[in-house]
Structure formats: C-alpha cells, structure tokens
Amino acid sequence: MKKIFIAILPLILLASSKVCTKCDLNRAEMQCNYYVAKKGDTSKKEHCKDYADYLNDTKVYGKAAWYYLLSLEPQKSLEAAKKAVKMKENYAYEYIADVYLIKGDKQKAKEYYKKFKNSVKNVNFFIDRNFKVLDKIYKEFNEIEAKRLLKD
C-alpha cells in the first residue's frame, strides 16, 4: 500500500500545481465583493476588473457592467451595460444611469433610471444594495440624488 501511495504522490502534487483559472476568478469575485463592495476599499479594485474582464469576454454583459463600476471604470461599465440591454437584460439600464450620474449628466441619468423603472418589476431589489455601494466608492455618486432621479 505504501509503495502505491509513494508512486501516486508525485502525480497528485503535479496535478495540484496546475493553475486553476476558475479558482482565480472565484477568488477575484469574492475579494471584490468583500473589499470593494462591502468595505469600500478601492485599492483592491483590480480584483473587480479581473472578474469584469472575464464576464465581458464571456458575454455576461450585465454582470460585467456592475463589476466594471466596482473597478472604478465607468466607461467600460457603460459599454457593457449597453450590450446587456441589447440582449434584453433590462436591469442594466440602472448601470447606464449610474454611470451618467457619476459623470455628472443628471438628465441622461434620469432618462435611464426611467427606462430602468419601466422595465424592471422590483426596482428596490436592485437599488437597495447598489446605491449604497456606489455612494461609498464614488465621490461623484449620491444615493439620495439617484433615488430622487429614479422617482421623477
């Protein structure tokens, strides 16, 4: 039995040294959600960017738009969100509006919040957490202003 274990051990060690891309992606997502979204530590934004790039490359545009926002890349978020909307992921209208609010274009933000509100059944499901997170990591984003624009 010992001889078999000794013969198999090198194979196990070699197999475990392979790079686990999915593991790295899961780790990046968790680190992004913990450090950036929960703690507001934008110095860890590269984890969000890595995950957003993967999502964007695999055409999961709506989710990519959120993680680009967390990585402090609103322009990339805007591009991904527009692709998501074309694929009928209507919740991504929120991300488009968020980007415009971050950029200071309240009129465009209001326009897209309206599209978001008209195309999603439970608006609060999305905004309750998202607005708090964006308010924490962007000095240009104001949760109260976003909610006001959404109501108008």
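Relevant structure appears above.
Residues numbered from 1 in each chain as written. Predicted model: local features only at pLDDT ≥ 70, side-chain atom pairs only at ≥ 80, totals over all residues. Heavy atoms only, no water.

Q: How should I be thinking about the side chain of glutamate 145 in this particular structure?
A: In this structure, glutamate 145 sits in helix H9 (residues 143-151). Assessed through its relative accessible area of 15%, glutamate 145 is described here as buried. Not counting the four nearest positions on each side in its chain, glutamate 145 is found in contact with Leu101 and Lys106. (Helix = DSSP H or I, 4+ residues; strand = E, 2+ residues; numbered from the N terminus. Buried < 20%, exposed > 50% of the residue type's maximum accessible area, 1.4 Å probe, protein only. Contact = heavy atoms within 4.5 Å.)

Q: Explanation requested: the packing of aromatic side chains in the structure shown.
A: Given two aromatic rings, one states the distance between the centres and the angle between the planes to describe the pair. Within the structure shown, the criterion is met by eleven aromatic pairs. When the ring of tyrosine 51 is compared with that of tyrosine 67, the centres are 4.8 Å apart and the planes differ by 90 degrees; the resulting orientation is edge-to-face. Of this pair, tyrosine 51 sits in helix H3 (residues 45-57) while tyrosine 67 sits in helix H4 (residues 61-70); the two residues are 16 residues apart in sequence, bridging distant segments of the chain. Ring geometry for tyrosine 113 and phenylalanine 131: centres 5.8 Å apart, planes at 70 degrees, overall edge-to-face. Residue tyrosine 113 is located in helix H7 (residues 106-119), and its partner phenylalanine 131 is located in helix H8 (residues 123-137); the two are separated by 18 residues in the primary sequence. Neither residue differs from the other here; tyrosine 113 and phenylalanine 131 are each classed as buried. One aromatic cluster is present, built from ring pairs that chain together Trp66, Tyr91, Tyr95, Phe116, Phe125 and Phe126. Lysine 44 extends its terminal NZ or CZ atom over the ring of tyrosine 35, reaching a point 5.0 Å from the ring centre. (Phe/Tyr/Trp six-rings, centres within 6.5 Å; stacked < 30°, edge-to-face > 60°. Lys NZ or Arg CZ within 6 Å of the ring centre and 35° of its normal.)

Q: Would you mind going over the pattern of salt bridges with me for this structure?
A: Two side chains bearing opposite charge may form a pair once their charged atoms approach each other closely. This structure, assessed with the given rule, holds ten salt bridges. With its nearest N and O atoms 3.6 Å apart, the salt bridge here joins lysine 106 to glutamate 145. In this pair, lysine 106 is assigned in helix H7 and glutamate 145 in helix H9, connecting sequence segments 39 residues apart. Residue lysine 106 is classed as partly exposed on the basis of its relative accessible area of 44%. (Salt bridge = Lys/Arg side-chain N within 4 Å of Asp/Glu carboxyl O.)

Q: Explain unusual backbone geometry to me, please; I cannot follow it from the model alone.
A: Glycine aside, the phi torsion of most residues is negative, and most peptide linkages are trans. Of note in this structure, lysine 59 is not a glycine but carries a positive phi near 65 degrees. You can see lysine 59 is positioned in the loop between H3 and H4. The phi angle at lysine 88 is positive, at roughly 70 degrees, despite the residue not being glycine. Its location among the elements puts lysine 88 in the loop between helix H5 (74-86) and helix H6 (92-102).

Q: I would appreciate a short explanation of the side chain of glutamate 143 in the present structure.
A: Here glutamate 143 lies in helix H9. Residue glutamate 143 is classed as buried on the basis of its relative accessible area, which comes to 15%.

Q: Would you take a moment to explain the state of the cysteines for this structure?
A: Structurally, a disulfide amounts to a covalent bond that connects the sulfur atoms of two cysteines. Evaluation of the coordinates by the stated rule reveals one disulfide. Through a disulfide, cysteine 32 is tied to cysteine 48; the S-S separation comes to 2.0 Å. The sign of the S-S torsion, about 100 degrees, decides the handedness of the disulfide formed by cysteine 32 and cysteine 48: right-handed. On the criterion of sequence distance, the pair formed by cysteine 32 in helix H2 (residues 21-38) and cysteine 48 in helix H3 is long-range, its members being 16 residues apart. Taken individually, cysteine 32 and cysteine 48 each receive the classification buried, so the pair is uniform in this respect. (Disulfide = S-S within 2.5 Å.)

Limitation: the analysis is restricted to geometry and does not speak to function.
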